[in-house]
Amino acid sequence: MSLEQQLLRMQVDGWCILEGIIPEDCIAGVREHVQTATEKHRNPKAPDRIGHVSGFINFDKSLAPYLADRRMLDLVEEMLGPYSRISFTSATINEPGNARSGWHADWPFNQNNGGHIPAPYPDAVVHLTTIWMLTPFSGENGGTLIVPGSHRSPDNPTADNGVPPGEPYATEMNVSGNAGSVLVMDSRLWHATAANTSADPRVAVVVRYAPWWLNLDVLKPDSADRQRMVDETGRNENMVPQIPGAVYDGLPDDVKPLFRHWLV
Ligand SMILES: O=C(O)CCC(=O)C(=O)O
């Protein structure tokens, strides 16, 4: 798909797939690293049979060589402008037998988060969610559930918009794709974790890209915004650990600018 075709898909459907971003002969090595690090650092409070690690770049850099791939950054920069940066890196493994989650849009559109743009929100591209497939994605193994076109809605099922978050939606579909490809979604797109009914884990890393002007401070441990909007309100919010200098120094040169804002 050309960049023009990708942009059209993002505008009309709210998602597209970039194929073959991780070279075929590197996929198995990245997958093994991601599985090992997830086993070691997984969040014990994550839903049952979901291997989840926030701030994953601090634990495993095997995906780093690909995060600034020009095919990815061309799309990111067309949509978010120059000086974009990475806001989240989260290992996400759907283990066999996991449950489907509720429909949501991602931060900062998820209305359950302490930091969110209140619905009805403007029709603007503010954040991109990318899911790096380290195994093939399919309807059977928990390929992400999406509602194509839902990103143009001014709200989402976390906003009590009349769509029950826990029920199937008529136009939903599972994303399928090859290992090494990347699912790119407008973060407003309604999506959900899908049940993995296969015998093998579905392995992925969720990486989000933000424009320079999007305030990420509510995600930062101990920030003034976090104290005000999360600690003092008791609301839920994702926490993205900062990046120590030693981790940062080990990143590829073209990737460092994407993480510099998060350096301790
Ligand atoms: O892992 C998936 O397929 C979806 C993950 C998701 O919903 C999220 O990270 O917001």
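Summarised in this report is the structure supplied together with it.

Definitions and cut-offs
- Residues numbered from 1 in each chain as written.
- Predicted model: local features only at pLDDT ≥ 70, side-chain atom pairs only at ≥ 80, totals over all residues.
- Heavy atoms only, no water.
- Helix = DSSP H or I, 4+ residues; strand = E, 2+ residues; numbered from the N terminus.
- Rg over C-alpha atoms; globule rule 2.2 N^0.38 Å.
- Buried < 20%, exposed > 50% of the residue type's maximum accessible area, 1.4 Å probe, protein only.
- Areas by Shrake-Rupley, 256 points an atom, 1.4 Å probe, with all protein chains shown as cover.
- Lys, Arg positive; Asp, Glu negative; His and termini not counted.
- Charge placed at Lys NZ, Arg CZ, Asp CG, Glu CD.
- Pairing = 2+ DSSP bridges.
- Near = heavy atom within 4 Å.
- Polar contact = N/O pair within 3.5 Å; in protein donor to acceptor, adjacent residues only side chain to side chain.
- Nonpolar A, V, L, I, M, F, W, Y, C, P; charged D, E, K, R; others polar.
- Contact = heavy atoms within 4.5 Å.
- Core = buried A, V, L, I, M, F, W, Y, C linked by side-chain atoms within 4.5 Å.
- Phe/Tyr/Trp six-rings, centres within 6.5 Å; stacked < 30°, edge-to-face > 60°.
- Lys NZ or Arg CZ within 6 Å of the ring centre and 35° of its normal.

A count of helical and extended segments in the protein chain gives 6 helices and 9 strands. Relative to the 2.2 N^0.38 estimate, which gives 18 Å for 264 residues, the radius of gyration of the protein chain is 17 Å and therefore close to what a compact globule would have. Overall size of the protein chain, expressed as C-alpha extent along the three principal axes, is 45 × 45 × 40 Å. Residue burial in the protein chain is summarised as follows: out of 264 residues, 52% are buried. Put simply, the protein chain shows about 11,800 Å² of open surface, and 51% of that area lies on carbon and sulfur atoms. Each charge class in the protein chain can be summarised by its mean position, and for the 21 positive and 32 negative side chains these summaries are 4 Å apart.

In space, the 3 strands of this open sheet follow the order β6-β5-β8, with antiparallel pairing throughout. Each of the sheet's edge strands pairs with one partner strand only, and the pair in question is β6 (173-174) and β8 (191-192). Of the pairings in the sheet, the one linking strand β5 (residues 145-146) to β6 comprises 2 bridges and is antiparallel in character. Counterpart to leucine 145 in the pairing with β6 is asparagine 174.

All residues adjacent to the ligand are Thr92, His104, Asp106, Thr144, His191, Arg202 and Arg208. Interatomic distance of 2.9 Å between a side-chain N/O atom of aspartate 106 and an oxygen atom of the ligand. Within the side chain of arginine 208, a nitrogen or oxygen atom sits 3.0 Å from an oxygen atom of the ligand. Alone, the ligand offers 290 Å² of accessible surface; in the complex the protein occludes 90% of this. Of the residues that constitute the shell around the ligand, the class distribution is no nonpolar, 4 polar and 3 charged.

What follows is about the environment of leucine 263. Topologically, leucine 263 is positioned in the segment after α6 (256-259). Along the primary structure leucine 263 and proline 241 are separated by 22 residues, whereas in three dimensions their C-alpha atoms are 9.6 Å apart. Sequence-distant contacts of leucine 263, defined by excluding residues within four places in its chain, comprise Gln242, Ile243, Pro244, Gly245 and Tyr248.

This part covers the side chain of asparagine 156. Topologically, asparagine 156 is positioned in the loop between β5 and β6. Accessibility expressed as a relative area gives 0% for asparagine 156, which makes it buried. From its side chain, asparagine 156 meets the backbone oxygen of phenylalanine 109 in a polar contact 3.0 Å long.

Counting 56 residues, the largest nonpolar core has Leu63, Leu67, Trp132, Tyr209 and Phe259 as its most contacted members. Of all the elements, helix α3 (residues 70-80) adds the most residues to this core, at 6 residues. Leaving out residues up to four positions away in the same chain, phenylalanine 259 has contacts with Ile57, Leu67, Ile86, Thr89, Ile243, Tyr248 and Leu251. Counting residues in each nonpolar core, the second largest holds 12 residues, with Leu183, Met185, Leu189 and Val206 among its members.

Moving on, we come to the packing of aromatic side chains. Summed over all chains, the structure comprises 3 aromatic pairs. Each ring, one from tyrosine 169 and one from tryptophan 190, has its centre 5.8 Å from the other, and the planes form 75°; the classification is edge-to-face. Of this pair, tyrosine 169 sits in the loop between β5 and β6 while tryptophan 190 sits in the loop between β7 (182-186) and β8, and the two are 21 residues apart along the sequence. Against the face of phenylalanine 88 rests arginine 208, its NZ or CZ located 4.7 Å from the ring centre. The ring of tryptophan 262 carries lysine 220 above its face, with NZ or CZ at 5.0 Å from the centroid.

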